[in-house]
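Coordinate inspection notes
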Amino acid sequence: MSNHPRVVAIIQARMGSTRFKNKVMKQVQGIPLIEILIKRLQRSKKIDEIILATSTDKLNDPLVEHVSKMGLNIFRGNENNVLERFFEAAKTYNADIIIRITGDCPLIDASVVDSVIDKYLKENVDYCSNILPPTYPDGLDTEVFSFKALEKAHLNAHEKFDQEHVTPFIRFSGNFSISNILNKTDLSDLRWTVDEPADLEVIKNIFEYFKPDIFFSWKEVVKLAQQKSQLFEANATLIRNQGAKMNTGQKLWQRAKKVIPGGNMLLSKRAEMFLPEQWPAYFTKAKGCTVWDLDNTAYTDMSIMGIGTNILGYGHPEVDDAVRKTVDAGNMSTFNCPEEVYLAETLIEINPWADMVRFARSGGEANAIAIRIARAASGKDKVAICGYHGWHDWYLAANLGDEKNLAGHLIPGLQPNGVPANLRGTIFPFNYNNFEELLEIVNKEDIGVIKMEVSRNHGPVDGFLNRVRDLATRRGIVLVFDECTSGFRQTYGGLHKMFNVEPDIAMFGKAMGNGYAITAIVGRRSVMEAAQTSFISSTFWTERIGPTAALKTLEVMKRIKSWDTITQTGNEIKKKWQQLADLHDLKIDISGLPALCSFSLQSENALAYKTFITQEMLLKGYIAGTSVYVSTEHTNEIVNTFFEELDPVFGQISKCEKGDEDIMKLLKGPVCHSGFKRLN
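First things first, this report covers the structure right here in the doc. (Residues numbered from 1 in each chain as written. Predicted model: local features only at pLDDT ≥ 70, side-chain atom pairs only at ≥ 80, totals over all residues. Heavy atoms only, no water.)

On to the packing of helix H3 (residues 82-92) against helix H5 (residues 147-156). Where H3 contacts H5, the two axes come as close as 10 Å, and the packing angle between them is 140 degrees. As the angle between them shows, H3 and H5 are arranged oblique. Here H3 runs over H5; the crossing is left-handed. Mapping the contact onto sequence places Leu83, Glu84, Phe86, Phe87, Ala90 and Lys91 in H3 and Phe147, Leu150, Glu151, Ala153 and His154 in H5. Considering only residue class, the contact of H3 with H5 consists of seven nonpolar, one polar and three charged. (Axes fitted to C-alpha atoms, helices over the stretch in contact; angles between N-to-C directions. Helix = DSSP H or I, 4+ residues; strand = E, 2+ residues; numbered from the N terminus. Parallel < 35°, antiparallel > 145°, perpendicular 65-115°, else oblique. Left-handed = near helix turned anticlockwise from the far one by under 90°. Contact = heavy atoms within 4.5 Å. Nonpolar A, V, L, I, M, F, W, Y, C, P; charged D, E, K, R; others polar.)

Attention shifts here to the packing of aromatic side chains. The final tally for this structure, using the stated rule, is 19 aromatic pairs. When the centroid spacing of 6.3 Å and the interplanar angle of 15 degrees are considered together, the rings of Tyr127 and Phe145 count as stacked. On the criterion of sequence distance, the pair formed by Tyr127 in strand S7 (residues 127-129) and Phe145 in strand S8 (residues 143-146) is long-range, its members being 18 residues apart. Since its relative accessible area comes to 0%, Phe145 is described here as buried. When the centroid spacing of 6.0 Å and the interplanar angle of 85 degrees are considered together, the rings of Tyr388 and Tyr395 count as edge-to-face. The exposure class assigned to Tyr388 is partly exposed, which follows from its relative accessible area of 27%. The class for Tyr395 is buried, based on a relative accessible area of 0%. Members of the aromatic cluster, joined through ring pairs, are Phe207, Tyr209, Phe210 and Phe216. (Phe/Tyr/Trp six-rings, centres within 6.5 Å; stacked < 30°, edge-to-face > 60°. Buried < 20%, exposed > 50% of the residue type's maximum accessible area, 1.4 Å probe, protein only.)

With that settled, the discussion passes to the sheet that holds strand S15 (residues 427-429). Strands sit in the order S13-S19-S18-S17-S16-S14-S15 across an open sheet of seven strands; the sheet is mixed. The open sheet is flanked by strand S13 (356-360) and S15, the only strands paired with a single partner. Strand-to-strand twist of the sheet, defined as the mean angle between neighbouring strand axes without regard to direction, takes the value 20 degrees. When strand S17 (residues 478-483) meets strand S18 (residues 505-508), the two strands line up parallel, connected through four bridges. In the sheet register, Asp482 faces S18, and the bridge partner there is Met507. Across the face of the sheet, helix H15 (residues 363-378) comes into contact with S13, strand S14 (382-386), S15, strand S16 (447-452), S17, S18 and strand S19 (519-523) while running at roughly 155 degrees to S16. (Pairing = 2+ DSSP bridges.)

Right, let's talk about the pattern of salt bridges for a bit. Going through the model one piece at a time under the given rule, you end up with 35 salt bridges. A salt bridge links Lys23 to Asp195, with the shortest nitrogen-to-oxygen separation between them at 2.8 Å. Placement of Lys23 in the loop between strand S1 (7-12) and strand S2 (27-28) and of Asp195 in the loop between strand S9 (178-180) and helix H8 (197-210) is noted, with a sequence separation of 172 residues between them. The same class applies to Lys23 and to Asp195, which are both buried. For Lys39, the salt bridge identified is with Glu35, shortest N-O distance 2.8 Å. Remark: Glu35 and Lys39 occur in helix H1 (residues 33-41); sequence separation between them is four residues, near one turn of the helix. Relative accessible area serves as the criterion here: at 29%, Lys39 is assigned to the partly exposed category. By relative accessible area, which is 14% here, Glu35 ends up buried. Several salt bridges share partner residues, and in doing so they unite Glu318, Lys552, Glu555 and Arg559 into one network. (Salt bridge = Lys/Arg side-chain N within 4 Å of Asp/Glu carboxyl O.)

The next thing to look at is unusual backbone geometry. The amide bond that connects Leu132 to the next residue, Pro133, takes the cis arrangement and shows omega of 0 degrees. Within the secondary structure layout, Pro133 lies in the loop between S7 and S8. A cis amide bond links Lys211 with the next residue in sequence, Pro212, at an omega value of 5 degrees. Inspection of the secondary structure puts Pro212 in the loop between H8 and helix H9 (218-227). A positive phi angle, close to 55 degrees, is found at Asp462, a residue other than glycine. The residue Asp462 is located in the loop between S16 and helix H18 (464-475) in this model.

Before going further, it helps to spend a moment on the packing of helix H21 (residues 562-583) against helix H23 (residues 636-657). Taken N-terminus to C-terminus, the directions of H21 and H23 make an angle of 25 degrees; their axes are 10 Å apart at the nearest point. Accordingly, the angle class assigned to the pair H21 and H23 is roughly parallel. Regarding H21 and H23, the two cross each other, and that crossing is right-handed. Within the contact between the two elements, H21 uses Thr569, Ile573, Lys576, Trp577, Leu580, Ala581 and Leu583 and H23 uses Val639, Asn640, Phe643, Leu646, Asp647 and Phe650. Residue composition of the contact of H21 with H23, by class: nine nonpolar, two polar and two charged.

When you line up the elements, Thr167 lands in the loop between helix H6 (160-165) and helix H7 (168-172). Among the polar contacts made by the side chain of Thr167, one reaches the side chain of Glu143 at a distance of 2.6 Å. Aside from chain neighbours lying at most four places away, what touches Thr167 is Arg100, Tyr127, Glu143 and Phe145. (Polar contact = N/O pair within 3.5 Å; in protein donor to acceptor, adjacent residues only side chain to side chain.)

This part covers helix H22 (residues 606-619). Residues spaced three or four apart along an α-helix point in a common direction, a consequence of the helix completing one turn every 3.6 residues. Across its 14 residues, H22 extends 20 Å between first and last C-alpha, which sits within 8% of the 20 Å expected from 1.5 Å per residue. Most of H22 sits out of view: ten of its 14 residues are buried. All of the buried residues along H22 are Ala608, Tyr609, Thr611, Phe612, Ile613, Thr614, Gln615, Glu616, Met617 and Leu618. Among the structural elements, strand S12 (298-302), strand S21 (596-601), strand S22 (622-624), H23 and helix H24 (663-666) are those in contact with the buried residues of H22. Gly621 occupies a position one or two residues after H22 and carries a positive phi of about 95 degrees. (Expected span 1.5 Å × (residues − 1).)

Let us look at the environment of Gly669. Topologically, Gly669 is positioned in the segment after H24. Considered as a pair, Gly669 and Ala370 are 299 residues apart in the sequence and their alpha carbons are 42 Å apart. Once residues lying within four places of it in the same chain are set aside, the contact partners of Gly669 are Gln278 and Gln615.

Attention now goes to the pairing of S21. The element S21 is extensively covered by neighbouring structure, given that five of its six residues are classed as buried. Bridging between strand S20 (residues 588-591) and S21 involves four bridges; their strand directions are antiparallel. Following the sheet pairing, Ser591 is matched in S21 by Ser598. Hairpin geometry of S20 and S21 is characterised by an intervening segment of four residues between the two adjacent antiparallel strands and by a positive phi of about 95 degrees at Gly592. Bridge count between S21 and strand S23 (residues 627-629): three bridges; the pairing is antiparallel. What sits directly across from Ser598, in S23, is Ser627.

What follows covers H9. Turning to H9, its buried residues are Trp218, Val221, Val222, Leu224 and Ala225. Viewed along the axis of H9, the buried residues span an arc of 160 degrees, placing them on a single side of the element. The outward face of H9, more than 90 degrees from its buried face, is lined by the exposed residues Lys219, Lys223, Gln226 and Gln227. Buried residues in H9 make contact with helix H4 (110-123) and H8. (Arc of directions from axis to C-beta.)

This is the structure in structure tokens:
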């Protein structure tokens, strides 16, 4: 019987890669990458057997079928716990020494693999590689370790990162003897792995140059890179092992930005607005005020709660049950849904000054509809605005000629590209609580509509809203209140109820459907009937889920008086922010409705501090920044625990303000964006 240790190379590969699906079966000159890798690895003089370790997911069936036809043994195990998969594979095939090779390295070189094995045997260590630090091109990564080390890691490594990447526990726990092989010249900046489509382009260029030979050495590829650098340009900007350092959501976000302009459909949800290069970005489920990301990590949402859509919390059982019944009964048909009539009657009951209602599904649509109706009713084109009212041409026309006009209305940097130039001079912004500014606009321009938020950061002073109402009445101007954000936060209905000022039109949205798409344009009959003199119509404004969700949401809100709860919680959050700031000698400005509260640090580093808060609180299991959109699910216990965790973060910010620490050194990535920026 031989005492020679059994050396088994385990190739880690699967078809469901987040960054580049099916990459291991992509073809070069008609040959799958995995086949090229195996054939090159089979030239090793030290390996006794090569096996493929993939997962039980059916997506991997074509990979398994192809590799099986090559005569290799296959082990199928856990999709996400790759450490467990490796251990079970090694145990099944009686490995004494394991060579870890990843399936995205088609240029793996048997001579490099054998040199690492030789060093491992010579130095009699638990682990040897050529990646600590890396000095070989990315794509030649080779790790050699004992079965005993793998078994120990399998028993003791409980962190998700360790399980997903197999060897971090062996490399960094301090419990194993480690060795590494270095190349004479550091070539770690060369990228020969296949993790993105750009990588595949480079690999194709290489094999095209050497064809029909597929067994050229890695040193020949180095010479080629020196002689014909243009063949390697496609992936030159990609970072080594970037994928291993990114969560699943960030990997998907990188993919999204390649196929979706800006990455997503809403500026306020872009990863760069929160924590560039670290934000989880996507969710699998949400309940109460908890959100789970693609890695199934749970976070308490102490941030903007779906951009203010869920006053009753995520996944409210009564609202969701009502929607499920609608889905079962059918969401669309040639007939109209009766719920829109019931909802219109309910909203008129909530707003006795109003007589008629139109429905849409988004805030931008509701704003555009309201402007169309108001212009039709007044017979005039020019509009005075105050606040944020969406993305449509009519609104962005304010920035034609001067892109700073809307800078004070929530989002700076909005470019009016694509907005017809002839709309210039139709929209005139004025500042909240500055009645004289509005009066000057009305006196100078033939204004037909005044459109404004009732309040966002601060309430009215000196009877501001009453004076606006009086001005609109005297001049025959249609007054429109945009309550898409403020509605149902502090009253059962519009915020204007608190100030005893009635508009001609009001729009509601955001929280009205508790996460389901529904918006309403509510108004006086004398104004709303003008809708019949213009064409305002859309297929999906007639679907049934939105009105169903709104009816149940309003019912629950009324029963539990949700506006009282979230106002009380919001005031408590404001108080605790101030207490923390005072404790740590920080100066902050607190603003917003209690249920839509926010703060800003009085510092030139305010944006960096906001990024730091998000960074540190994410590690503690919170989605957090400098704003909280309160829901009824934000209990006292949740709020109190959150502030206990926030306390030391404020402490570090205080040290930075005093010059004891440097905030830029504490950040693990770029500073978040403050407004609209083009994303590449």
